[in-house]
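# Secondary and tertiary structure notes
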Amino acid sequence: PRTSGLRLNRLLPIDRDPGFGVYVHWPFCAAKCPYCDFNSHVRHQPPDQARFAQAFRRELEYFRARTGPREVTSIFIGGGTPSLMEPATVGALLDTVSDLWTVPDGIEITLEANPSSVEAGRFRGYRAAGVNRVSLGVQALNDPDLRFLGRLHDVAEAKRAIGLARDIFPRLSFDLIYARPGQSIEAWEAELAEAIGLAADHMSLYQLTIEEGTRFHALHAAGKLAMPTPDLAADLYAATREVTAARGLPAYEISNHAKPGAESRHNLVYWRYGEYVGAGPGAHGRFVDGNRRIVTFTEKMPETWANLVEANGHGVIGGETLNRSEEADEFLMMGLRLVEGIDLVRYEAMARRPLSPVRIAILQEEGLVEPVGNSRLRATATGMIVLDALVADLARED
């Protein structure tokens, strides 16, 4: 099969090239989590997977016409819950990508999955289709908090899925959510230590945030959900960095931790301000078309998106062409999330001006940024906590 070259256990090494990624969004979930503001939808009748696979193919063909020939550095199937897909549907998606662009052996191909036993039963099929990295939505390692977070699995199921994923896939990542109501630093440190013992080489650790339009937002607004104070949240963040670094999975981005060399290739495409196409309901893309960076976004409602693709060849409903200043601001915002920081020369070429040396010096004095070698700048751990304000300050033109 065409995907046979994608099944290698050996992954290409990471280099500094920002890369070109392909993101495919599967928007369906078995249940909507109360904290989630992603484009995910629950359907009482299973969606027509063949119809959606064909719609993905048509939309990806549309993007291929816009990007021209490219070499893909990563593929990411996100959601929603992609592990509700049959392995044959995943295989069809990967075949489509390799039909349209150059897909070298050994690139990273990630699929997001939930730890329920129903979905874990498909893991070998995903591996055979070409997936070589799975990202599990574990979220917590105690049953009361899993129930609070609206998850459909328990800790025992999560541990079984982690073990199965470690046996089947060359690479495994899983997510945990911290700064949960009532969570102490000591409890989080113990849970995190247990998680690292289970982890393979990568973990995504997110602070619980209250997003508009979610059930948690309504509860919080009604005074029925007490969140940690900003000081406690900052202490939990510091503890997260200390525990992971001490146990060999240091932070390489604000919320992501990995053994050196095991960083997510696909997420590095975003943070290094590479190019990517985003296909599927509610997906976003950023790629160079001509000599300008284009932003695309698609219709969010799955059935409406499929209707649009069938009528027009794509479900893109909006987008923009970024000017140089907007590109440079995005580059700053994404790159300063990384521990490796940003290339100042690349920023200057993009913005047609350097960052202010005076402002850098002030921020350095305040302990918010620091140089890396002669040509890079990064946010410190303190700076990452106030990253939005830091970026706004750095990007300001005098």
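Structure first, text after, so check above.
Please read all numbers here as calculations on a predicted model, not as lab measurements.

## What about the nonpolar core?
Counting residues in each nonpolar core, the largest one holds 98 residues, and the members touching the most others are Trp-101, Leu-136 and Met-203. Take this core: its biggest share by element is six residues, from helix α6 (residues 155-168). Excluding residues that lie within four positions of it along the chain, Met-203 makes contacts with Ser-173, Phe-174, Leu-176, Leu-192, Ala-195, Ile-196, Leu-249, Ser-255, Asn-256 and His-257. In terms of nonpolar packing, the next biggest core, distinct from the first, is built from twelve residues, Ala-258, Val-269, Tyr-276 and Leu-338 among them.

## Considerations on the side chain of Ser-264
With respect to the secondary-structure elements, Ser-264 resides in the loop between β10 (256-258) and α10 (265-271). Judged by its relative accessible area of 0%, Ser-264 is buried. A polar contact of 3.1 Å, which involves the side chain of Ser-264, links it to the backbone nitrogen of Asn-267. When neighbours within four sequence positions are excluded, Ser-264 is seen to be in contact with Glu-108, Arg-133, Arg-171, His-202 and Tyr-252.

## Thoughts on the packing of helix α1 (residues 49-67) against helix α11 (residues 302-312)
Put simply, α1 and α11 touch, their axes get as near as 9 Å, and they point 55° apart. Classified by the angle between their axes, α1 and α11 sit oblique to one another. Every pair of crossing elements has a handedness; the one defined by α1 and α11 is left-handed. Listed contacts from α11 to Arg-51, Phe-52, Ala-55, Phe-56, Arg-58 and Glu-59 of α1 are Pro-302, Glu-303, Trp-305, Ala-306, Asn-307, Val-309, Glu-310 and Asn-312. Classifying every residue of the contact of α1 with α11 gives seven nonpolar, two polar and five charged.

Quick notes on the rules
- Residues numbered from 1 in each chain as written.
- Predicted model: local features only at pLDDT ≥ 70, side-chain atom pairs only at ≥ 80, totals over all residues.
- Heavy atoms only, no water.
- Core = buried A, V, L, I, M, F, W, Y, C linked by side-chain atoms within 4.5 Å.
- Buried < 20%, exposed > 50% of the residue type's maximum accessible area, 1.4 Å probe, protein only.
- Helix = DSSP H or I, 4+ residues; strand = E, 2+ residues; numbered from the N terminus.
- Contact = heavy atoms within 4.5 Å.
- Polar contact = N/O pair within 3.5 Å; in protein donor to acceptor, adjacent residues only side chain to side chain.
- Axes fitted to C-alpha atoms, helices over the stretch in contact; angles between N-to-C directions.
- Parallel < 35°, antiparallel > 145°, perpendicular 65-115°, else oblique.
- Left-handed = near helix turned anticlockwise from the far one by under 90°.
- Nonpolar A, V, L, I, M, F, W, Y, C, P; charged D, E, K, R; others polar.

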